[in-house]
Amino acid sequence: MRGTSLMGLSLASALFIGALAYTLPQPAGEPAPAAPWLTQLKVGTVTAIVIATPGQPLIRAERRDGRWVLASWQDFPAAPGAIVNLLRAINDARQVEAQSSLAEHQALLGLDDQASLLTLERQDQAPLELWLGKQVRQGGQIVRTGDDPTPWLLDTNLPLPQTPAAWIDQHLTKIPFEQIRRLSLTYPNGARVKIYRDSVDQPHLKVSQHPVKLMDEAAANDLARLFGQLTIEEVAAVTDFDQMKKPGLNFELLTFSGGKLTGQIRQRDDQYWIRLKTIKELAPQLVNHPSPPVLRIEARLLR
């Protein structure tokens with residue numbers, strides 16, 4: 001009697017473990033050699049990448065004149081490594097194990113109606129659609145290609161940036177501190193601050209303030225560094241800027257090479273938003289601003 005009970009328990013346990021292994025895809029202990037995933041893909045022919053995720057803004061990156069820009073984000077240049085790393089991972093990925101194609105298993109695999117669709121547009125070829133499912137704990141990701149009903153477990157996770165901001169080069173300005181000749185600030189209350197140096201040989205900037213003192217020289221130098229290395233956190237519509245707190249902080253930055261950058265910063269709650277007005281004699285690698293949107297910047301020093 002006891003032997004029969006133990007046998008029944010063992011059989012039930014075996015069935016449970018077998019079902020778990022079937023429904024939760026995991027790399028096998030001794031897998032067969034993994035085969036290349038997308039043998040038909042030549043990454044050099046990819047002209048655009050589109051990411052559609054339910055409940056999130058559409059992301060579209062396009063290759064133009066040898067460089068990648070985020071068309072869905074005011075044509076901002078893409079982050080240097082985001083596109084390259086993604087395409088390299090897709091190109092190098094290998095398929096480890098076929099998964100269930102039954103409809104009732106797709107949610108478990110992350111391939112239900114909440115899955116992200118990654119589309120690769122290619123020169124002289126039809127777009128390649130890749131459905132992205134769950135990432136497994138041991139490393140690897142479930143994917144399905146186009147109309148192919150069979151999902152596959154890949155041997156790697158695809159490095160897909162999770163937010164639109166993560167796709168772009170978030171440096172708004174990259175002006176070396178030693179090249180800044182003068183930073184002029186006009187505050188909403190009429191106070192004016194001039195942070196300046198007379199020659200490029202001077203390691204630090206001096207500060208002139210009227211009618212009241214707002215900062216010491218060390219803080220003024222930190223502020224100049226901030227304006228030289230502004231980073232983008234978010235993009236907003238121009239109409240949003242018009243509805244923010246008025247008036248704003250106006251600024252003018254001059255460089256020793258004749259560059260000029262002007263704009264205005266407005267505040268909404270604890271956030272600071274900038275709109276550039278003038279960009280003169282500043283190369284694109286110094287000011288990343290191909291079009292005039294409103295940008296939320298990291299500017300805690302302004303508080």
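Now for the overall build of the protein. The helix and strand tally for the protein stands at 5 helices and 18 strands. The buried share among the 303 residues of the protein stands at 40%. Counted over contacts in the protein with a minimum sequence separation of 6, partners at least 24 positions apart contribute 57%. With the model as given, the accessible surface of the protein reaches about 16,600 Å², and the carbon-plus-sulfur share is 52%.

A cis geometry characterises the amide bond from H210 onward to P211, with omega recorded as 0°. Of note, P211 is situated in the loop between β13 (206-210) and α4 (217-228). Its identity as a non-glycine residue notwithstanding, D269 has a phi of 60°, on the positive side. Positionally, D269 belongs in the loop between β16 (260-268) and β17 (271-280).

Here we take up the packing of aromatic side chains. For the structure shown, the criterion picks out 1 aromatic pair. When the ring of F227 is compared with that of F251, the centres are 5.0 Å apart and the planes differ by 55°; the resulting orientation is tilted. With F227 in helix α4 and F251 in strand β15 (residues 249-255), this residue pair connects regions lying 24 residues apart in the sequence. Of the two residues examined, F227 and F251, each falls in the buried class.

This part takes up the pattern of salt bridges. Per the counting criterion, the structure on display carries 9 salt bridges. With its nearest N and O atoms 3.1 Å apart, the salt bridge here joins E252 to R182. One end of the pair, E252, is in strand β15; the other, R182, is in strand β11 (residues 180-186), and 70 residues separate them in sequence. One connected set of salt bridges, linked through shared partners, spans R60, E62, R64, D75 and E121.

The subject of this paragraph is the environment of S72. Within the secondary structure layout, S72 lies in the loop between β4 (67-70) and β5 (76-77). By relative accessible area, which is 32% here, S72 ends up partly exposed. Not counting the four nearest positions on each side in its chain, S72 is found in contact with L58, I59 and R60. For S72, the side chain forms a polar contact with the main-chain nitrogen of R60, separated by 2.9 Å.

Strand order across the open sheet formed by 10 strands is β1-β6-β10-β9-β8-β7-β2-β3-β4-β5, with antiparallel pairing between neighbours. The sheet is open, and its two edges are formed by β1 (35-36) and β5, each paired on a single side. Alignment of β1 against strand β6 (residues 94-98), held across 2 bridges, turns out to be antiparallel. Each bridged residue has a counterpart across the sheet, and for P36 the counterpart in β6 is R94.

Glancing now at the confidence of the model for the protein. On average, residues of the protein carry a pLDDT of 84, and 85% of them reach 70 or more. Predicted confidence in the protein is weakest over helix α1 (residues 2-23), with a mean pLDDT of 39, and strongest over β11, with 97. Segment residues 1-28 is flagged for pLDDT under 50; beyond a separation of four residues in sequence, or across chains, it makes 16 contacts in the model.

I49, I90, L120 and F227 are the most contacted members of the largest nonpolar core, which has 65 residues in total. Tallying contributions element by element places helix α2 (residues 82-92) first for this core, with 6 residues. For I49, the contacting residues outside a window of four places in its chain are I59, R60, A61, W68, I83, L86, L87, L118, T119 and L120. Of all hydrophobic cores here, the second largest spans 5 residues; its members include L109, V136, I142 and L153.

Now for the pairing of β17. Across 9 bridges, the pairing between β16 and β17 is antiparallel. Across the sheet, I265 pairs through a bridge with I274, a residue of β17. Relative to strand β18 (residues 294-297), β17 is paired through 3 bridges, and the arrangement is antiparallel. Directly across from W273, in β18, lies its bridge partner R296.

With that out of the way, let us pick up the side chain of S116. Structurally, the position occupied by S116 is in strand β7 (residues 116-122). On the basis of relative accessibility, which here comes to 14%, the residue S116 falls in the buried class. When residues no more than four places from it in sequence are discounted, the contact partners of S116 are A52, T53, L130, W131 and L132.

Here is what the cut-offs are and how they apply
Residues numbered from 1 in each chain as written. Predicted model: local features only at pLDDT ≥ 70, side-chain atom pairs only at ≥ 80, totals over all residues. Heavy atoms only, no water. Helix = DSSP H or I, 4+ residues; strand = E, 2+ residues; numbered from the N terminus. Buried < 20%, exposed > 50% of the residue type's maximum accessible area, 1.4 Å probe, protein only. Contact = heavy atoms within 4.5 Å. Areas by Shrake-Rupley, 256 points an atom, 1.4 Å probe, with all protein chains shown as cover. Phe/Tyr/Trp six-rings, centres within 6.5 Å; stacked < 30°, edge-to-face > 60°. Salt bridge = Lys/Arg side-chain N within 4 Å of Asp/Glu carboxyl O. Polar contact = N/O pair within 3.5 Å; in protein donor to acceptor, adjacent residues only side chain to side chain. Pairing = 2+ DSSP bridges. pLDDT = per-residue confidence, 0-100. Core = buried A, V, L, I, M, F, W, Y, C linked by side-chain atoms within 4.5 Å.

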